[in-house]
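Examination of the molecular architecture
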Number of protein chains: 2
Amino acid sequence: MVNFSDWMLDIQQRMELTLGSYLEAPASDLAGLYEAMRYAVLGGGKRVRCLLAFAAGESSAASIDVLEVVAASIEMIHAYSLVHDDMPEMDNDVLRRGKPTCHVRYGQAMALLAGDALQARAFELLANLNLAVPERKLRMIKILSKAAGPAGMVGGQAIDFVNVGISLSFQQLERMHQLKTGALIHAAVMIGGLAGDLGQDREEILDAYGRQVGLLFQVVDDVLDAVASTELLGKTAGKDAEDHKPTYVTILGLDTARRFAVDLHKSAVLSVSSLGREGHNLVELADFILQRQF
Amino acid sequence: MVNFSDWMLDIQQRMELTLGSYLEAPASDLAGLYEAMRYAVLGGGKRVRCLLAFAAGESSAASIDVLEVVAASIEMIHAYSLVHDDMPEMDNDVLRRGKPTCHVRYGQAMALLAGDALQARAFELLANLNLAVPERKLRMIKILSKAAGPAGMVGGQAIDFVNVGISLSFQQLERMHQLKTGALIHAAVMIGGLAGDLGQDREEILDAYGRQVGLLFQVVDDVLDAVASTELLGKTAGKDAEDHKPTYVTILGLDTARRFAVDLHKSAVLSVSSLGREGHNLVELADFILQRQF
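The following refers to the structure shown.

Thoughts on the relation of the copies chain B and chain A
For these two chains of identical sequence, chain B goes onto chain A by a turn of 180° and a shift of 0.0 Å along the axis, with RMSD 0.0 Å. Each copy turns onto its partner about a two-fold axis. For chain B, the minimum C-alpha distance to the rotation axis belongs to Pro134 of chain B and amounts to 3.0 Å. When you check the interface residues of chain B against chain A, 100% turn up at the interface there too, and the contact is symmetric in its surfaces.

Below you can see the structure in the form of structure tokens.
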């Protein structure tokens, strides 16, 4: 068995190539738009959603070729959401992955369009997936479009935006995060699994795991935002508190938020325990998400 | 046979209900986002793309139920593009369909999110379409995602944005419009046709017709922008010239632009002549697009 660090590095490098290959300008007059799209997607990030899709796909014997495209579609949705989230009318952030944000680099209009284009491209990738069973592609598109839409990621962003400066209950915060971050992470796990042959049992296992790591990811994110430095994060640290955004840390306190993360990690690992070796990298990823420092 | 005005009115009313039914907030904390989405989509517009989808679907014996959803998905893409196009970083327009634009009414952040959410929802509608043949749904998603994406509508917007104040050749202008407006109109015709059983011959007919009316629509739009009043248009008139945007009128002059429209109309009508009665509303729509005054 390949060790986890090598596995992760291999997928990260593989995804850089895959994403690049699907973001080549088809004509010279589109070079500017594609450059902004590439800037938003390439050269950075841990690719956690891609890693989750690959790990889930390993548990359903998915082919690497299909997983690359599936993971690329999720990553494009994720990247577009970051571009739009960073814009002045939203979080007004100037730094992302240690580089100027897309609108700082290319202007707001081009950032707006690059985000819009990435979303369409994500669905185009899934629709053109080289997979013999059309129903399975449609299920992936259903899952991704719901997770990315108003009852998923964008809905969570809207709740987040509306509630700046307002104190939320724990339940309201959890709901907001389930939509804003959790839905897409959950979708990454599910459509990664669906890239292979996923039975009912495994689907339920991935469903539970996906929900738990989605929440885990956000709790850890909130903890990191509260304690880490801008240099380590590669994005502006302490922004949540500064923006008066409710987070797990502001609601639970730092220690309880950390304990909550440990509990979520435990549940996620337990969920995939019956997969044995085939769930190996799902467990490793849960560890990785809990322990990440940046 | 129902007369054209009644047919058009019936579809416009039908689409208002259909669109509304697919834009109901699933939870109270999402009410704000869905309100902005509804505002962007409901209560206005000629629904030309919906009408084209219905007319194309009639030529392939598509069911009304399926056409409603197909047309709704196209209209959501169109509406999202208007919301983002009106934003301050793009056209900075404050009036649309005689009402304040979405960002004027709900703020820029909510307009950004409403547009993003509408795009995802459009693909969700197609993926969930009640159609027995999954391959046909996938073809629709391929067509719509390509038409809406960087090598389609968004690509055209990017070319348009980059070339403000620069004079384009006729070929460059045509290419820009084929992407910006033509691609989605063409997609409306194609996926409307695919909602029914479309043979190879009819597919080629719709393909040609779709390209011609797409261009026709834009030429007429440019003529109207040059000659009509803000009151008639329901959006700010004369904006193109004021923004130093290249248009068919600035490049060809008003008379030649009008003659070009007449020629395109003739070609579109000729393309569908072999469909006979089943192409009746496609002909009527070409007439309608040529003659529209607002």
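Now, onward.
Considering the interface of chain B and chain A
Each partner contributes residues to the interface: chain B has 45 residues there, and chain A has 45 residues. Of all the elements in the fold, those that place two or more residues in the side of chain B that touches chain A are helix H2 (31-41), helix H6 (108-127), helix H7 (134-148) and helix H8 (153-162) of chain B. For the side of chain B that touches chain A, the element with the highest residue contribution is H6 of chain B, accounting for 13 residues. Partitioned by chemical class, the residues of the side of chain B that touches chain A number 26 nonpolar, nine polar and 10 charged.

A look at the packing of H6 of chain B against H7 of chain B
Residues and elements named next belong to chain B. Contact pair H6 / H7: the axes reach a minimum separation of 9 Å and the direction vectors enclose 160°. With respect to their mutual orientation, H6 and H7 come out roughly antiparallel. Here the hand of the crossing between H6 and H7 comes out right-handed. Listed contacts from H7 to Ala122, Phe123, Leu126 and Ala127 of H6 are Lys137, Met140, Ile141, Leu144 and Ser145. Among the residues making up the contact of H6 with H7, the classes are represented as seven nonpolar, one polar and one charged.

Rules behind the numbers
Residues numbered from 1 in each chain as written. Chains lettered and ligands numbered in written order. Predicted model: local features only at pLDDT ≥ 70, side-chain atom pairs only at ≥ 80, totals over all residues. Least-squares fit on C-alpha atoms with pLDDT ≥ 70 in both. Contact = placed C-beta atoms within 7 Å. Helix = DSSP H or I, 4+ residues; strand = E, 2+ residues; numbered from the N terminus. Nonpolar A, V, L, I, M, F, W, Y, C, P; charged D, E, K, R; others polar. Axes fitted to C-alpha atoms, helices over the stretch in contact; angles between N-to-C directions. Parallel < 35°, antiparallel > 145°, perpendicular 65-115°, else oblique. Left-handed = near helix turned anticlockwise from the far one by under 90°.

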